[in-house]
Every structure is written in C-alpha cells, then in structure tokens.
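Each chain, letter by letter, is given below.
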Amino acid sequence: MSIRHKLQGKLGFGTAPLGNMFRNIPEAEALATVDAAWEQGIRYFDTAPLYGAGLAELRLGEALAKRKREDYVLSTKVGRVILDEIEDPAKREMGEKGGVFEHGRPNKIVNDYSADATLRSIEDSLKRLKTDHLDLVFVHDVAQDFYGDDWLRQFEIARTGAFRTLDRLRDEGVIKGWGLGVNRVEPVEVLLDLNEPKPDVMLLAGRYTLLDHERSLQRLLPAAAQRGVDIVVGGPYSSGILAGGTHFEYQKASPEIIARVERIKAIAQKHGISVKAAALQFALAHPAVASVIPGASRPERITEDHAALNEKIPAAFWQEMREQKLVAAGAPLPGDKA
Ligand SMILES: NC(=O)c1ccc[n+]([C@@H]2O[C@H](COP(=O)([O-])OP(=O)(O)OC[C@H]3O[C@@H](n4cnc5c(N)ncnc54)[C@H](OP(=O)(O)O)[C@@H]3O)[C@@H](O)[C@H]2O)c1
C-alpha cells in the first residue's frame, strides 16, 4: 500500500553523512544539522545501523529526543547487526564503498538477513534512536555492490528471513511499511516480481539521479508505479558531485564524471539556476517518486536544499538538457508540466 501520504512532504533528510561518512564530524555539528532540518520543516528522517556502526542512529536519536514522536517519520534498515566487539574500521569489507565509514564507531558489523537478525537489529535500532517504534524499515544493500556474485544467495536469505518478518510486522501494524534500501536496480526488480511478500516502498540510492537514470526508467520505475510501490530517492547528488562536492558514488569523481557535471553546470549557469536544484527537482518529477532524501553533515546545507527545492527552473533549461542528451528522452521533467 502506498505510504506516500505518510512521508510528510517531498523532502526528507538522509543521515549517512552523520555516521562520519568521509570525515570526523563534531558531535555539536551533527546535532545542529538535524536541528536545522527540523527548523526547515523536514519531518522524514532516514538512517541505518551501518552508518558509522550505529553512530548516525545515536546522533539522530539524540537530536530528535526533544521532539514529539508522532510529529516525524523514521526509517532505518536491517541486514547489519552492530556488536559491542571492536574491529578496525579501515579493514572492513565494504564492497565498492570501501573506507566510506572509516571515521565511524569501531564496533564490529555483521551482515545477516535472517529473521532473527532482523528482529535483533530492530530492537538495537530502537534503543539507539530512543524511540519505541519505527515507521519504515529497509533491507539494506542486499545487492552486487556489497556482495558481488554472492548477492543472489544473500537475497534468498533475505527473502525467507528479513522480507517475511517485515511483511508480518507491517500486517500486524508494528511498522507502516518496508522495502529494500539499495544502490542497484536488480534487487528491486526481482523483489517487485515476487508474488510474496509484498513491499510498500523502495529506497533507491544513486540510480535515479541526473547522472544515472536510464536503467531505472526502463523497468524499475514503471513496475513500481504499476504495483503502487513508492520510491524514495537516496543519493540525489550522487554522494556530492551534483551539489558542489567532489565525490561520485562515494569515491573521488573521475575526470569523465567531472566533465559531465561541468556540461550540466554550464547549462545551469546559462539559465541562472543551480545544479543542486536541477538534481533535486529531476528526481521528484517522476510520478513513482514519493520523496527525495539528500544527506548532509553541515546545518547550512539544509537551507541550501530547501532553496533548491523551491528554485524556479525555466522549461528552457530542461529542453536544453534534453537536446544535449544529458537527460534521457523518456525521463519525465518538471518542465514538461509547465
Ligand atoms: N543503500 C541505501 O539504502 C542507501 C544508499 C545511499 C544513500 N542512502 C540514503 O540516501 C541519503 C542521501 O544520500 P547520501 O547522503 O549518501 O548522498 P547525497 O545526498 O547524494 O549527497 C550528500 C553529500 O553531498 C554533500 N553536499 C551537499 N551540498 C554540498 C555543497 N554545497 N558543497 C559540497 N558538498 C555538498 C554533502 O556534504 P556534507 O556532508 O559536507 O554536508 C554530503 O556529503 C543517505 O544519507 C541515506 O539516508 C541509502
């Protein structure tokens, strides 16, 4: 069932950066970033045990403790259990995202998509988040970027473990919805094709952005729309490069990517708009997309995101992006409605 009406606005906040993604963020700055999101009217927050091995959940829980729980929507993830045992974060096996949470907590992270681990993970998240319930739960990263060729075996463990457990919790009213939280289209396509269990929402990260959207347009987004499954777009700035940063897909951007962003920037400048605004509004223009959740670790970014969402982008900008083949011919664009 659609959870769109529960997300309280199109703009949410992603807390991966608060897990000390890329840098050691002072506690006060992390908490002030969540406060800034609240003050800008954001009421949907996404987090995960993986983000800094519990650090992002602890910070989000701390920052939201002064708010009334019924006033905001919370999603977190299952599939990784955080232990008290310590490990060297620099030596973790993180697939293509190597080193990204090196500055996070040093707690051991165990990948486990079974039913028992799902329930344990939820219990642990509730404690870190200082709350008694979650709204949405995503099964995290059961995909090629973390497991390579082993991803289908992990997916099968999740199908009979995490998926069925979350489906039951949704049916019992314990949570409002569940789905996958992934950076790849294939697991979403496979889950959407299953007869059971039935997800409500998918967090698709990095695969519906200005820099990468062709594949999602072919099958995933039409299938999601047809089944009434909402899409939350994660990583709308491709982890930074579309917002003025230097990262693409959580690594330093390649010269090819930088050149492509420069082409977009030149068109944006010509039409007097920001690339950030184009990135956010592009993601939201697809009817299957219910919400977009940029991440940030500095309070000033939130004001910027908010302004980007409300920036007026002339239809001529989108027309030129189409002519220059910087957006796919079949991509719905905000300018189409103008
Ligand atoms: N598998 C999954 O489920 C999955 C995967 C990826 C993402 N997600 C979710 O989606 C959320 C968003 O993705 P994301 O945070 O990874 O990436 P993103 O939203 O594409 O980009 C966030 C990055 O952009 C940077 N940025 C923003 N404005 C900037 C500016 N003016 N100049 C320079 N840099 C700027 C931020 O830097 P600062 O940190 O310096 O503010 C931050 O590091 C995540 O937080 C997470 O909740 C889920």
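Here the structure is a predicted model, which means the values were calculated and not measured.

Analysis parameters
Numbering of residues starts from 1 in each chain and follows the order in which that chain's sequence is written. Reporting in this predicted model follows two pLDDT cut-offs: at least 70 for local features of residues, and 80 or more for side-chain atom pairs to be given and counted; totals over whole chains, interfaces and linings ignore these cut-offs and use all residues. By our criterion, buried Ala, Val, Leu, Ile, Met, Phe, Trp, Tyr and Cys residues that link up through C-beta atoms within 7 Å make up a nonpolar core. We call a residue exposed when 12 or fewer other C-beta atoms sit within 10 Å of its C-beta, buried when the count reaches 20 or more, and partly exposed for counts in between; the C-beta positions come from the backbone. The helix and strand labels rest on DSSP assignments: H or I over at least four residues marks a helix, E over at least two residues marks a strand, and numbering proceeds from the N terminus. Whether two residues are in contact is decided by their C-beta atoms, placed from the backbone, lying within 7 Å. As used in this record, a residue near a molecule or strand is one whose C-beta atom, placed from the backbone, is within 6 Å of it. Only Asp, Glu, Lys and Arg are considered charged in this grouping, and only Ala, Val, Leu, Ile, Met, Phe, Trp, Tyr, Cys and Pro are considered nonpolar; every other residue, Gly among them, is considered polar. Only the stretch in contact is used when a helix axis is fitted, and all axes are lines through C-alpha atoms; the angle between N-to-C directions ranges over 0 to 180 degrees. Note that the term roughly parallel is reserved for angles under 35 degrees, roughly antiparallel for angles over 145, roughly perpendicular for angles of 65 to 115, and oblique for everything else. DSSP-based pairing: two strands are paired if at least 2 bridges between them are found. Fitting axes to the seven residues that end at a residue and to the seven that start at it, the angle between those axes gives the bend at that residue.

Enquirer: Can you walk me through the nonpolar core in this structure?
Expert: Across soluble globular proteins, nonpolar side chains show a tendency to be buried alongside one another. By size, the foremost hydrophobic cluster in this structure holds 104 residues, and its most contacted members are Ile231 and Ala279. The element best represented in this core is helix H9 (residues 275-284), accounting for 7 residues. Those residues in contact with alanine 279, other than ones at most four positions away along the chain, are Thr209, Leu210, Pro236, Tyr237, Leu242 and Ala243.

Enquirer: Looking at this structure, I do not really get the site of the ligand. What am I missing?
Expert: Close to the ligand lie 31 residues, the nearest being Gly14, Gly181, Gly234, Gly245 and Gly295. Looking at the shell around the ligand, the elements that each hand over two or more residues are strand S6 (136-140), strand S7 (177-182), strand S8 (201-205) and helix H10 (299-310). Tallied by class, residues from the shell around the ligand come to 12 nonpolar, 14 polar and 5 charged.

Enquirer: Quick question: what am I supposed to make of the packing of helix H3 (residues 115-128) against helix H5 (residues 151-171) here?
Expert: To characterise two packed helices, one gives the angle between the axes of the helices and the distance between these axes. Taken N-terminus to C-terminus, the directions of H3 and H5 make an angle of 55°; their axes are 7 Å apart at the nearest point. As judged from the angle between their axes, H3 and H5 are oblique. Between H3 and H5, the residues in contact are Ala115, Thr118 and Leu119 and Gly161, Ala162, Arg164, Thr165 and Leu166, respectively. Its residues assigned to classes, the contact of H3 with H5 shows 4 nonpolar, 3 polar and 1 charged.

Enquirer: Would you mind going over the pairing of S8 with me for this structure?
Expert: Put simply, side chains in a regular strand alternate between the two faces of the sheet. Extensive coverage of S8 is indicated by the burial of 5 of its 5 residues. With burial as the criterion, each face of S8 is covered, one bearing Val201, Leu203 and Ala205 and the other bearing Met202 and Leu204. Alignment of S7 against S8, held across 2 bridges, turns out to be parallel. Opposite glycine 181, over in S8, you have leucine 203 as the bridge partner. Relative to strand S9 (residues 230-234), S8 runs parallel, the two being bridged by 5 bridges.

Enquirer: Even after reading the chapter, I still don't get the pairing of S6, so can you show me in this structure?
Expert: With 5 of its 5 residues buried, S6 lies for the most part within the structure. Burial along S6 is two-sided: Leu136, Phe138 and His140 facing one way and Val137 and Val139 facing the other are all buried. Relative to S7, S6 is paired through 5 bridges, and the arrangement is parallel. Looking at the pairing, valine 139 lines up with leucine 180 of S7.

Enquirer: I'm lost on H5 in this one. Help?
Expert: For an α-helix, the turn length of 3.6 residues means that residues three or four places apart are oriented alike. The largest bend along H5 measures about 45° and falls at alanine 158. Along H5, the positions that sit buried rather than exposed are Trp151, Gln154, Phe155, Ala158, Gly161, Ala162, Phe163, Thr165, Leu166 and Arg170. Looking at the packing, one finds that the buried side of H5 touches strand S3 (73-78), H3, S6, helix H4 (144-147), S7 and helix H6 (185-193). Within two residues after H5, glycine 173 carries a phi angle of roughly 85°, on the positive side.

Enquirer: Is there a simple way to explain the sheet that holds S7 in this structure?
Expert: Note: strands within a sheet are paired through backbone hydrogen bonds, in either parallel or antiparallel orientation. Strands sit in the order S1-S2-S3-S6-S7-S8-S9-S12 across an open sheet of 8 strands; the sheet is parallel. Two strands lie at the open edges of the sheet, namely strand S1 (13-14) and strand S12 (289-293), each paired on one side alone. When S3 meets S6, the two strands line up parallel, connected through 4 bridges. Counterpart to valine 78 in the pairing with S6 is valine 139. Packed on one face of the sheet, H6 meets S7 and S8 and runs near 150° to S7.

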